[in-house]
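Here is how the chains run, residue by residue.
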2 protein chains.
Amino acid sequence: MKLKSAALRQQILTAATDIIVTNGLTEISTVKVAKAVNTPQSNIYSYYKNKEALLLAVFEYHQHKLIEALSGSLSDSLSPKEALHHLVTAVLKLGLANPATIRIILLFRQQPEWRSRLPRITDSVFFTKLFAQFDQLQAQQIVKPYDASFLSEGVFSIITNYLTAIDAGELTTESLSQADLMALVDDFMLMPDYR
Amino acid sequence: MKLKSAALRQQILTAATDIIVTNGLTEISTVKVAKAVNTPQSNIYSYYKNKEALLLAVFEYHQHKLIEALSGSLSDSLSPKEALHHLVTAVLKLGLANPATIRIILLFRQQPEWRSRLPRITDSVFFTKLFAQFDQLQAQQIVKPYDASFLSEGVFSIITNYLTAIDAGELTTESLSQADLMALVDDFMLMPDYR
């Protein structure tokens, strides 16, 4: 087996990301990725055993970026509402700085056939902890008593709709401010007394 | 110019829909559509002058289905909250019966480069009327005073997240009922006194 290079692995993930963002999830191939990074196709397989493994690695790479952004935004001294706003701000900042990451996560999550193959909450220390806090906030009647993943996904959609509308020139941060967005997220997720 | 057939036009739209739902927006071609409906590629061009015109026709076909579903659900005797619930129920029913229609609308709307080329609210009699009512409800402080398109898109996302989660087996209509969904939509869109 060849010695693997972290730099080439990163190039493969970056090239695969570009192809997926431009052409969608279904039209990516190891041939195209190999061409983009100028390496033989067989070499891709020494990093990822097949296309599925490569695609999953792309998702995990971006999910890791999301987790980094989210975990960096939290501290123990925040109220539930402040914590929610810090999380929303972190996703917004990530989406503005790195739209591909949000796009990739959305693309995978929106395909029912992919969703079941993606890492579960319990596969991630960060998400396990976050959803445990979520459970507590639901028990304390601070967060609404609905399916936690569905509520989180809703907040993620509200944020990504905002990013897409700004990107398309339909909204500006003046016509819908970040504070407006927070108010919408609060109403969606939190019980009335905690908004 | 050849005599055109409404049946073949419908076959073209159906084939293009299938290709987009399976492979995404970027990998569709008039060659693939021609092959799927077993007609020469040149014949596609007698219906649609280019790929963009075909894609736009696919969007309009499904938007028309959405408008049919929505307009059939409204009557003059409904309260704002009832009207909102009728609209949500109509999108849910359409999504359960015809997932491709919702998927196509989502795919186009999520591409900033496509959004600007899609029909505008003012291009549709139905949407013009709906958004005029929306304006009134905002003036009456029944609907929240934020960008109406953004609020509508948010409701659409909440519904499509629900459909995707059900499709993926993550939710059932027992674990998150239609009434729960309505409550979430109300909180997102309506002012507190009208929820």
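Residues numbered from 1 in each chain as written. Chains lettered and ligands numbered in written order. Predicted model: local features only at pLDDT ≥ 70, side-chain atom pairs only at ≥ 80, totals over all residues. Heavy atoms only, no water.

(A) Representation of the overall build of chain A within the structure. Counting secondary structure elements, chain A contains ten helices and zero strands. For chain A, the N- to C-terminal ordering of α and β elements is α-α-α-α-α-α-α-α-α-α. For chain A, the C-alpha atoms occupy an extent of roughly 60 × 40 × 30 Å along the three principal directions. Taking the intrachain contacts of chain A between residues at least 6 apart in sequence as the baseline, contacts between residues at least 24 apart amount to 65%. Mean positive and mean negative side-chain charge positions of chain A (18 and 19 charges, respectively) differ by 11 Å. (Helix = DSSP H or I, 4+ residues; strand = E, 2+ residues; numbered from the N terminus. Contact = heavy atoms within 4.5 Å. Lys, Arg positive; Asp, Glu negative; His and termini not counted. Charge placed at Lys NZ, Arg CZ, Asp CG, Glu CD.)

(B) Just the packing of aromatic side chains, in detail. Residue and element names in this part refer to chain A. A complete count under the given rule lists ten aromatic pairs over all chains for this structure. Judged by centre distance (5.4 Å) and plane angle (65°), the ring pair of Phe 126 and Phe 127 falls under edge-to-face. Each member of the pair, Phe 126 as well as Phe 127, is classed as buried. An aromatic cluster of at least three residues, connected via ring pairs, comprises Phe 59, Phe 108 and Trp 114. The ring of Trp 114 has Arg 117 sitting right over it, with the charged end atom 4.1 Å from the ring centre. (Phe/Tyr/Trp six-rings, centres within 6.5 Å; stacked < 30°, edge-to-face > 60°. Buried < 20%, exposed > 50% of the residue type's maximum accessible area, 1.4 Å probe, protein only. Lys NZ or Arg CZ within 6 Å of the ring centre and 35° of its normal.)

(C) A look at the interface of chain B and chain A. Listed as interface residues are 36 residues of chain B and, on the opposing side, 36 residues of chain A. For the side of chain B that touches chain A, the secondary structure elements donating two or more residues are helix 1 (6–23), helix 6 (99–109), helix 7 (112–115), helix 9 (148–167) and helix 10 (178–189) of chain B. Here the side of chain B that touches chain A takes eleven residues from helix 9 of chain B, the largest share from any one element. The class makeup of the residues in the side of chain B that touches chain A is 14 nonpolar, ten polar and twelve charged. (Nonpolar A, V, L, I, M, F, W, Y, C, P; charged D, E, K, R; others polar.)

(D) Focus on the nonpolar core. Counting 130 residues, the largest nonpolar core has Ile 12, Val 33, Leu 54 and Val 88 of chain A together with Ile 12, Val 33 and Leu 54 of chain B as the members making the most contacts within it. Those residues in contact with Val 88 of chain A that lie beyond four places of it in its chain are Val 155, Ile 159, Leu 181, Met 182 and Val 185 of chain A. (Core = buried A, V, L, I, M, F, W, Y, C linked by side-chain atoms within 4.5 Å.)

(E) Fine view of the relation of the copies chain B and chain A. Turning chain B through 180° and shifting it by 0.0 Å along the axis lays it on chain A, with an RMSD of 0.0 Å. Taken together, the rotation and translation describe the operation of a two-fold axis. The fraction of interface residues of chain B whose copies in chain A are also interface residues reaches 100%, indicating that both copies meet through the same surface. (Least-squares fit on C-alpha atoms with pLDDT ≥ 70 in both.)

(F) Focus on the pattern of salt bridges. The tally for this structure, following the rule as stated, stands at 13 salt bridges over all chains. With its nearest N and O atoms 3.9 Å apart, the salt bridge here joins Asp 186 of chain B to Lys 81 of chain B. Of this pair, Asp 186 of chain B sits in helix 10 while Lys 81 of chain B sits in helix 5 (residues 80–97), placing them 105 residues apart in sequence. By relative accessible area, Asp 186 of chain B is classed as buried at 5%. Under the relative-accessibility criterion, Lys 81 of chain B is labelled partly exposed at 29%. Through salt bridges with shared partners, a single network forms among Lys 144, Asp 187 and Arg 195 of chain A together with Lys 144, Asp 187 and Arg 195 of chain B. (Salt bridge = Lys/Arg side-chain N within 4 Å of Asp/Glu carboxyl O.)

(G) Representation of the confidence of the model for chain A within the structure. Residues and elements named next belong to chain A. Residues at a pLDDT of 70 or more form 98% of chain A, whose mean pLDDT is 93. Per-element confidence in chain A is highest for helix 10 (residues 178–189), whose mean pLDDT is 97, and lowest for helix 7 (residues 112–115), whose mean pLDDT is 84. Reported confidences for the modelled complex are a pTM of 0.91 and an ipTM of 0.91. (pLDDT = per-residue confidence, 0-100.)

(H) View of helix 5 (residues 80–97) of chain A. Residue and element names in this part refer to chain A. With 18 residues, helix 5 should cover 26 Å at 1.5 Å per step; its first-to-last C-alpha distance of 26 Å lies within 8% of that length. Ala 83, Leu 84, His 85, Leu 87, Val 88, Ala 90, Val 91, Leu 92, Leu 94 and Gly 95 are the residues of helix 5 that are buried. Check the buried side of helix 5 and you find it contacts helix 4 (51–73), helix 6 (99–109), helix 8 (125–139), helix 9 (148–167) and helix 10. (Expected span 1.5 Å × (residues − 1).)

(I) Summary view of helix 10 of chain B. For helix 10 of chain B, spanning twelve residues, the distance from its first C-alpha to its last is 16 Å, which sits close to the expected 16 Å at 1.5 Å a residue. For helix 10 of chain B, the tally of buried residues reaches nine of twelve residues, placing the bulk of the element in the interior. Along helix 10 of chain B, the positions that sit buried rather than exposed are Asp 180, Leu 181, Met 182, Leu 184, Val 185, Asp 186, Asp 187, Phe 188 and Met 189 of chain B. In the core, the buried residues of helix 10 of chain B are packed alongside helix 9 and helix 10 of chain A together with helix 5, helix 8 (125–139) and helix 9 of chain B.

(J) Fine view of the packing of helix 1 (residues 6–23) of chain A against helix 4 of chain A. Residue and element names in this part refer to chain A. One can describe the packing of helix 1 onto helix 4 by two numbers: an axis separation of 10 Å at closest approach and a directional angle of 95°. One finds that helix 1 runs roughly perpendicular with respect to helix 4. Touching Gln 10, Ile 12, Leu 13, Ala 16, Thr 17 and Ile 20 of helix 1 are Leu 54, Leu 55, Ala 57, Val 58, Tyr 61 and His 62, all from helix 4. (Axes fitted to C-alpha atoms, helices over the stretch in contact; angles between N-to-C directions. Parallel < 35°, antiparallel > 145°, perpendicular 65-115°, else oblique.)

(K) Quick look at the packing of helix 1 of chain B against helix 6 of chain B. Residues and elements named next belong to chain B. Running from N to C, helix 1 and helix 6 cross one another at 65°; their axes reach a closest spacing of 10 Å. With respect to each other, helix 1 and helix 6 are oriented roughly perpendicular. In the packing of helix 1 onto helix 6, the handedness of the crossing is left-handed. Residues Thr 17, Ile 20 and Val 21 of helix 1 lie in contact with helix 6, whose contacting residues are Ala 100, Arg 103, Ile 104 and Leu 107. Across the contact of helix 1 with helix 6, the residue classes tally to five nonpolar, one polar and one charged. (Left-handed = near helix turned anticlockwise from the far one by under 90°.)

(L) Up close: the side chain of Asp 187 of chain B. In this fold, Asp 187 of chain B is placed in helix 10. Leaving out residues up to four positions away in the same chain, Asp 187 of chain B has contacts with Lys 144, Asp 187 and Arg 195 of chain A together with Lys 144 and Arg 195 of chain B.

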